[in-house]
Amino acid sequence: MLSAPFTSIDHVQLAMPAGEEDRARKFYRDLLGMVEVSKPVELAKRGGCWFASGNVQIHLGVEQSSRPAKKAHPALHCHDYAALTESLRCASIEVKEPNDIPGVRRCHIFDPFGNRIELIGG
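Residues numbered from 1 in each chain as written. Predicted model: local features only at pLDDT ≥ 70, side-chain atom pairs only at ≥ 80, totals over all residues. Heavy atoms only, no water.

**Description of helix H3 (residues 81-90)**
Looking only at H3, the buried set comprises Tyr 81, Leu 84, Thr 85 and Leu 88. For H3, the buried positions fall inside an angular range of 95 degrees around the axis, keeping them on one side. Each element contacted by the buried residues of H3 is listed here: helix H1 (21-31), strand E6 (106-110) and strand E7 (116-120). Phi turns positive, to about 65 degrees, at Ser 92, one or two residues after H3. (Buried < 20%, exposed > 50% of the residue type's maximum accessible area, 1.4 Å probe, protein only. Helix = DSSP H or I, 4+ residues; strand = E, 2+ residues; numbered from the N terminus. Arc of directions from axis to C-beta. Contact = heavy atoms within 4.5 Å.)

**Re the sheet that holds strand E3 (residues 49-53)**
One open sheet holds the four strands; their spatial order is E1-E4-E3-E2, and the pairing between them is mixed. Only two strands of the sheet have a single partner each, and these edge strands are strand E1 (12-16) and strand E2 (35-37). Geometrically, the sheet is characterised by an average inter-axis angle of 30 degrees between neighbouring strands, direction not taken into account. In terms of strand pairing, E3 meets strand E4 (residues 56-62) through five bridges, oriented antiparallel. Bridge assignment links Phe 51 to a residue of E4, and that residue is Ile 58. Across the sheet, H1 lies against E1, E2, E3 and E4, angled at about 5 degrees from E3, the strand it touches most. (Pairing = 2+ DSSP bridges. Axes fitted to C-alpha atoms, helices over the stretch in contact; angles between N-to-C directions.)

**Quick notes on the side chain of His 108**
Here His 108 shows up in strand E6. For His 108, the side chain forms a polar contact with the side chain of Arg 116, separated by 2.8 Å. If sequence neighbours within four positions are ignored, His 108 has contacts with His 73, Glu 94, Val 95, Lys 96, Pro 98, Arg 116, Ile 117 and Glu 118. (Polar contact = N/O pair within 3.5 Å; in protein donor to acceptor, adjacent residues only side chain to side chain.)

Distances and angles like these do not, on their own, reveal function.
Printed below as a string of structure tokens:
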């Protein structure tokens, strides 16, 4: 039997409008606690920004007719779910906890561009 063809996800790409990098930084870096990763020179010319937390990477790419991903989304396991969700609430970020999967503590939030993100408690 062949081994699985993939070993992990390298990154998730989400769309953002042009010129909104500072809003992305305030959300992904300042609120979520991710670290901004330098984009390669050729890709930096296109705008957008990349963020990382451990092995998790989210790339925000500029789309001229940017439409948020409201259904498709990354799901991120959190080191301290309670502290992160409390911090987000204090920053006036809506945190929706559906309680629809038994034994799983999770919520959905939206970035400044309307992209859905799922956070999962440990």
